[in-house]
Amino acid sequence: ILLCYEMEYISRLIASTLVLLVDIKLVTDGILLLINPSWSWWQAKKTFYARHAPKLALVVALTSVAGSLFFSEIIGWPPCELCWWQRIFMYSAATVLGYSLLNQEGSIGLRYAAVLSAPGVLLSSYHVVLHQFERLVPEVTCGAGEISCSLSYFVSYGYITIPTMALTGFLAILALYWVSGREIS
């Protein structure tokens, strides 16, 4: 039992720290871009991201898929109904990105992944609100599922929960799409 607890703790710490770093990166780059979008550091980053955006988006999506499977199948935390819907969008994005990269059509896959990420952001945002205001709405069941959608298995760094991790993944895919210079249509 101690080994299982240690594995759970270490996995939460690693996942939460990765999400924290991505959140910091998204926020600081966004603020610096708003201050001066013509800075040379941004142009160099934009060139890098534009060239590698589909591959980076695939890494984000696969990491999200692996994390969700780890928490549910290895740690044993059953997902609620909102988690299942978020998984549908993220797993589909990972599949589309992987298939498009195998066929040398990464930009098309990134476009579809961005379209799949937009409703994922909405679902994840709603789920994050349920978690953050759990005291106001203690038992929110989302349908036929037996797991409450307001149940938090853990909170790290004061705000990171599993829905926050999903939201960060979806936002990272949308940010990569935006930086790559394509428009969602």
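Residues numbered from 1 in each chain as written. Predicted model: local features only at pLDDT ≥ 70, side-chain atom pairs only at ≥ 80, totals over all residues. Heavy atoms only, no water.

S.K.: Which residues make up the packing of helix α3 (residues 81–102) against helix α4 (residues 106–132), and what are the values?
M.R.: At their nearest, the axes of α3 and α4 sit 9 Å apart, and the two run at 165° to each other. Between α3 and α4, the angle is such that the two are roughly antiparallel. In this structure, α3 meets α4 at a crossing whose hand is left-handed. Residue classes in the contact of α3 with α4 are distributed as 16 nonpolar, 8 polar and no charged. (Axes fitted to C-alpha atoms, helices over the stretch in contact; angles between N-to-C directions. Helix = DSSP H or I, 4+ residues; strand = E, 2+ residues; numbered from the N terminus. Parallel < 35°, antiparallel > 145°, perpendicular 65-115°, else oblique. Left-handed = near helix turned anticlockwise from the far one by under 90°. Nonpolar A, V, L, I, M, F, W, Y, C, P; charged D, E, K, R; others polar.)

S.K.: Now, about the packing of α3 against helix α5 (residues 162–179): what can you tell me, with residues and values included?
M.R.: Closest axis-to-axis distance for the α3/α5 pair is 11 Å, and the angle between their directions is 30°. Judged by the inter-axis angle, α3 sits roughly parallel to α5. Regarding α3 and α5, the two cross each other, and that crossing is left-handed. Listed contacts from α5 to Gln-86, Phe-89 and Met-90 of α3 are Pro-163, Ala-166, Gly-169, Phe-170 and Ile-173. Of the residues belonging to the contact of α3 with α5, the class tally is 6 nonpolar, 2 polar and no charged. (Contact = heavy atoms within 4.5 Å.)

S.K.: Outline the side chain of Ser-68, supporting the account with residue identities and numerical values.
M.R.: Considering the arrangement of structural elements, one finds Ser-68 in helix α2 (residues 40–74). Ser-68 gets classed as buried once you look at its relative accessible area, which sits at 15%. In this structure the side chain of Ser-68 is engaged in a polar contact, spanning 2.7 Å, whose partner is the side chain of Tyr-91. Not counting the four nearest positions on each side in its chain, Ser-68 is found in contact with Arg-87 and Tyr-91. (Buried < 20%, exposed > 50% of the residue type's maximum accessible area, 1.4 Å probe, protein only. Polar contact = N/O pair within 3.5 Å; in protein donor to acceptor, adjacent residues only side chain to side chain.)

S.K.: Outline the nonpolar core, supporting the account with residue identities and numerical values.
M.R.: Core analysis: the biggest nonpolar cluster contains 30 residues, and Ala-57, Ala-61, Met-90, Leu-97, Leu-110, Phe-170 and Ile-173 have the highest contact counts within it. Only α2, α3, α4 and α5 provide two or more residues apiece to this core. Once residues lying within four places of it in the same chain are set aside, the contact partners of Leu-110 are Ala-53, Pro-54, Ala-57, Leu-97, Ile-173, Leu-176, Tyr-177 and Ser-180. Ala-15, Phe-71, Ile-75 and Ile-160 belong to the second-largest nonpolar core, a separate cluster that totals 7 residues. (Core = buried A, V, L, I, M, F, W, Y, C linked by side-chain atoms within 4.5 Å.)

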